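Now for the letters of each chain:
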Amino acid sequence: IYSVKSALMQLRFDDHHAAFVEALREPLKDLHMEVMDVLQRCANFCQDGAISAEEKEQIKSCVGRVVAKQQVLSKKFQEVASKSKDYICDDIAPDSLFVFAVSQWAVELQEWADDVAVFENKWR
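Small disclaimer: the values here were computed from a predicted structure and weren't measured.

**Observations concerning the overall build of the protein chain**
Check the secondary structure of the protein chain and you find four helices and zero strands. Scanning the protein chain from its N terminus toward the C terminus, one meets helices and strands in the order α-α-α-α. Here the protein chain holds 124 residues, and the buried ones make up 32% of them. Pairs at least 24 residues apart make up 86% of the contacts formed inside the protein chain by residues separated by at least 6 positions. About 8100 Å² of surface is accessible on the protein chain, with carbon and sulfur atoms providing 56% of the total.

Structure (structure tokens):
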């Protein structure tokens, strides 16, 4: 959180930032929506204290969609970042950190959802 806050404070809202954000808007939004879907489904499935076989399959399917959205985001990020005059520079560092933070958040939710999908006991 502190790293993201620091990165956001260093953002220069110039033309480079606008182009970077515009190029990554849809992949970031798509990843966000898929991760929130996994989170919501897992929370709903856990309400009764057990995860059925059908619910496990739905979770695994959702996690697969998150992985696919992450790959799209990664590819688009690589395309946009490589167009910068310096691949690693102060101009894109804050934006890069934000994209990394969102991607890491997605990884953490994937791992949690995977744990829920293989849970064999009953909560109570």
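Let's pick the thread back up.
**Quick look at the environment of serine 52**
Along the chain, serine 52 falls in the loop between α2 (15–46) and α3 (53–82). The class of serine 52 is partly exposed, set by a relative accessible area of 33%. Residues serine 52 and phenylalanine 119, 67 residues apart in the sequence, show an inter-C-alpha distance of 9.7 Å.

**Quick look at a negative patch on the surface**
Residues Glu108, Glu111, Asp114 and Asp115 make up a contiguous surface patch of negative charge. Here aspartate 114 lies in helix α4 (residues 93–117). Accessibility expressed as a relative area gives 35% for aspartate 114, which makes it partly exposed.

**Some words on the packing of α3 against α4**
Viewed as axis vectors pointing N to C, α3 and α4 meet at an angle of 165°, and their least axial separation amounts to 10 Å. Taken together, the axes of α3 and α4 are roughly antiparallel relative to one another. The handedness of the crossing between α3 and α4 is left-handed. Side by side, α3 and α4 meet where Lys56, Ile59, Lys60, Val63, Val66, Val67, Gln70, Leu73 and Phe77 of the first sit next to Ser96, Val99, Ser103, Ala106, Val107, Gln110, Ala113, Asp114, Val116 and Ala117 of the second.

**Overview of the packing of α2 against α3**
For the pair α2 and α3, interaxial distance at closest approach is 9 Å and the crossing angle is 165°. With respect to their mutual orientation, α2 and α3 come out roughly antiparallel. As α2 runs across α3, the sense of the crossing is left-handed. By residue class, the composition of the contact of α2 with α3 is 18 nonpolar, two polar and eight charged.

**Looking at α3**
Helical geometry: 3.6 residues make up each α-helical turn, so side chains three or four residues apart lie on a common side. Spanning 30 residues, α3 covers 44 Å between terminal C-alpha atoms, matching the ideal 44 Å at 1.5 Å per step. Within α3, burial applies to Glu55, Lys56, Ile59, Cys62, Val63, Val66, Gln70, Leu73, Phe77, Val80 and Ala81. Contact partners of the buried residues in α3: α2 and α4.

**Overview of the side chain of glutamate 34**
Structurally, glutamate 34 is set in helix α2. Residues contacting glutamate 34, with those up to four places away along its chain left out, are Arg65, Val66 and Lys69.

**Focus: the confidence of the model for the protein chain**
It should be kept in mind that the predicted coordinates are not to be read in detail where pLDDT is low. Scored by pLDDT, the protein chain has a mean of 85; 83% of the residues are at 70 or more. Within the protein chain, the lowest mean pLDDT, 68, falls on helix α1 (residues 2–10), and the highest, 93, falls on α3.

Parameters at a glance
All residue numbers refer to positions counted from 1 along the written sequence of the respective chain. For a predicted model such as this one, the threshold for reporting local features is a pLDDT of at least 70, and the threshold for listing and counting side-chain atom pairs is 80 or more; totals across whole chains, interfaces and linings nevertheless cover every residue. Hydrogens are left out, water is left out, and the side-chain values use all remaining heavy atoms of the structure. For the purposes of this entry, the term helix denotes a DSSP run of H or I that reaches at least four residues, the term strand denotes a run of E that reaches at least two, and both are numbered from the N terminus. Type-normalised accessible area, obtained with a 1.4 Å probe on protein chains alone, sets the label of each residue: buried when under 20%, exposed when over 50%, and partly exposed for intermediate values. Note on contacts: a residue pair qualifies if any of its non-hydrogen atoms lie within 4.5 Å across the two residues. A 1.4 Å probe and the Shrake-Rupley method give the accessible areas. Residues count as covered only by the protein chains that appear here. Nonpolar side chains (Val, Leu, Ile, Met, Phe, Trp, Tyr) within 5 Å and like charges within 9 Å form the patches, drawn only from residues with over 30% relative accessible area and no salt bridge. For salt bridges, the criterion is a side-chain nitrogen of Lys or Arg within 4 Å of an Asp or Glu carboxyl oxygen. Positive charges come from Lys and Arg, negative ones from Asp and Glu, while His and the chain ends are left out of the count. We put the charge of a Lys on NZ, of an Arg on CZ, of an Asp on CG and of a Glu on CD. Here the axes come from fitting lines to C-alpha atoms, over the contacting stretch only for helices, and the angles between their N-to-C directions go from 0 to 180 degrees. The cut-offs work like this: below 35 degrees is roughly parallel, past 145 is roughly antiparallel, 65 to 115 is roughly perpendicular, and the gaps in between are oblique. Crossing chirality is assigned from the near helix's rotation relative to the far helix, an anticlockwise turn below a right angle marking it left-handed and a clockwise turn marking it right-handed. As a working rule, the residues Ala, Val, Leu, Ile, Met, Phe, Trp, Tyr, Cys and Pro are called nonpolar, Asp, Glu, Lys and Arg charged, and the rest polar, with Gly in that last group. Expected span, for any helix, means 1.5 Å times one less than how many residues it has. pLDDT is a residue-level measure of predictor confidence that goes from 0 to 100.

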